[in-house]
Structure formats: structure tokens, C-alpha cells
Amino acid sequence: ETGVTQTPRHLVMGMTNKKSLKCEQHLGHNAMYWYKQSAKKPLELMFVYNFKEQTENNSVPSRFSPECPNSSHLFLHLHTLQPEDSALYLCASSQEKGTGDNSPLHFGNGTRLTVT
Amino acid sequence: AQKITQTQPGMFVQEKEAVTLDCTYDTSDPSYGLFWYKQPSSGEMIFLIYQGSYDQQNATEGRYSLNFQKARKSANLVISASQLGDSAMYFCAMREAQGAQKLVFGQGTRLTINP
């Protein structure tokens, strides 16, 4: 496999469920990201991990809990979500070289989440 | 404040014609990067082209070119000889050197190529 792989592609869950989204990158990158894409809104950055350390939490509610066990894997644990959390969740990775670097992000296909 | 503005919600173009997708941006950081992404209906965000704020030449990648006008703070994407497979959402995005790896996106433009 190449690039950034996200599973599952589609997920339907009730508000009381607990589920996890998985992301794996095969590009040897050192940074990983979670973005949320809602209808009619720009993509919103949720979390950033550098070398497995979380460096950015963009005021995301605690019902979203990220986990980065290594530089290749990123998870988003979900619990007690709300219907307005229904969206496309995109994972991305990049190779960061230092402050001021403008490396492109490489995205996965996303997980389409529906909260009922 | 909106950092990236894409004023065209939708564009319709005949196959083989060239198309320009507009993007303006707002930043006070002298060092920044501008990116264009394509998102087909499958959902994947595909990186197309990059322009650095200090680059003297406009970026080109195959049929894609970026018309970078720094003084006007615009970074329009030009697609030459459009193809049916170019139909997708297109997003302009920016990273600032002081932005802690935040890639900020515009609202996007839906491009439809007609045969």
C-alpha cells in the first residue's frame, strides 16, 4: 500500500457508542493530522502530531480523543458524539523539516461519519 | 478573519478549454506557502501545486499552473486543456511560517467539465 490509508471508509454510530477511526501513512513522514470537513464549511484542523507528540489541539471537544502510538499510525477515538459531529474526517501526513517549512500535506480518502 | 477566500462556488467549463480558479489570501507573515488541492467525489484530497512566498517564478505542474500575484495577494490556479476527469472540488490553502503547521483552507470551488 502507498500513501495515507484510512479505515473505515464509512461509519454510522449512535450518540452513546464508542468507536475509533484509524489512519496509517506509508510515506515515512514525521507529522500527522486530523481534519474535519463538514458540509458548506472549510476544512477544520483538529489535531497535529509531530514525532508522536501532540503539538496542536484546535479547541476540539473532549468527546474526540486522538492517539498517536508511532509516527505511522494515528487514531481518533470517538465517544458520546452529537449529530452535528457528522462529517468527513480526513487524516493527513507531512514531512516537517523545521520552523517555516512549507511541506505539503498528503491526505487519505477520509472516513464519512454519520451520528444518529 | 477569513484567511483564504475562494469567490467562485461553482464553475462550468467546456472540455479542452482552460479554466482559472480564483484564490485570494490574507496574511502579515512574510513567509508562507500556498497550495491547491483537488477533491474528487471519492473524498481524497489530492495535492496539485505549491507556491512559496519568496518564489520568483510562478509554479507549474503539468497542466496546472499558479498565477501568483503577491502584491494583490492572489494565487489563482490555471488548468489548461481541461478534461472530464478534472471535475471535482478545488481548494486553495495556506501555511504561514509562524502558523505552527496549520494548513488553512478556503471554501472551495466546484468545477464541472462538460463534454
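From a predicted model like this one, the values you see are computed outputs, not experimental measurements.

Trainee: Residue-level account of the pattern of salt bridges, with values.
Mentor: According to the stated counting rule, one finds 6 salt bridges over all chains in the structure shown. Between E96 of chain A and R95 of chain B there is a salt bridge; the shortest N-O distance is 2.8 Å. Of this pair, E96 of chain A sits in the loop between β9 (87-94) and β10 (106-107) while R95 of chain B sits in strand β10 (residues 88-96), placing the two residues on different chains. Accessibility classification places E96 of chain A together with R95 of chain B in one group, the buried group.

Trainee: Residues and numbers for the confidence of the model for chain B, please.
Mentor: A low pLDDT means the predicted coordinates there should not be read in detail. Summary statistics for chain B give a mean pLDDT of 93 and a share of 97% for residues scoring 70 or more. Across chain B, the element-wise mean pLDDT spans from 91 in strand β11 (residues 103-105) of chain B up to 98 in strand β9 (residues 74-79) of chain B.

Trainee: Lay out the sheet that holds strand β1 (residues 4-7) of chain A with the relevant residues and their values.
Mentor: Residues and elements named next belong to chain A. Here we have 4 strands laid out as an open sheet, ordered β1-β3-β8-β7, and antiparallel in their pairing. Strand pairing shows two members of the sheet lacking a second neighbour, β1 and β7 (64-70), which therefore form its edges. Sheet twist, expressed as the mean angle between neighbouring strand axes with direction ignored, is 20°. In the sheet, β7 pairs with strand β8 (residues 73-79) via 5 bridges, with the strands oriented antiparallel. Considered in β8, the bridge of E67 is made with F75.

Trainee: Which residues make up the state of the cysteines, and what values do they have?
Mentor: One pass over the structure, following the stated rule, counts 2 disulfides over all chains. In this model, C23 of chain A is linked to C91 of chain A through a disulfide, with the two sulfur atoms separated by 1.9 Å. With the S-S dihedral at roughly -75°, the linkage between C23 of chain A and C91 of chain A falls on the left-handed side. Here the residue C23 of chain A occupies a position in strand β3 (residues 18-25), and C91 of chain A occupies one in strand β9, the gap between them amounting to 68 residues. One exposure class covers both C23 of chain A and C91 of chain A, and it is buried. A disulfide bridge connects C23 of chain B with C92 of chain B, and the sulfur atoms are separated by 2.0 Å. With the S-S dihedral at roughly -65°, the linkage between C23 of chain B and C92 of chain B falls on the left-handed side.

What counts and how
- Residues numbered from 1 in each chain as written.
- Chains lettered and ligands numbered in written order.
- Predicted model: local features only at pLDDT ≥ 70, side-chain atom pairs only at ≥ 80, totals over all residues.
- Heavy atoms only, no water.
- Salt bridge = Lys/Arg side-chain N within 4 Å of Asp/Glu carboxyl O.
- Helix = DSSP H or I, 4+ residues; strand = E, 2+ residues; numbered from the N terminus.
- Buried < 20%, exposed > 50% of the residue type's maximum accessible area, 1.4 Å probe, protein only.
- pLDDT = per-residue confidence, 0-100.
- Pairing = 2+ DSSP bridges.
- Axes fitted to C-alpha atoms, helices over the stretch in contact; angles between N-to-C directions.
- Disulfide = S-S within 2.5 Å.

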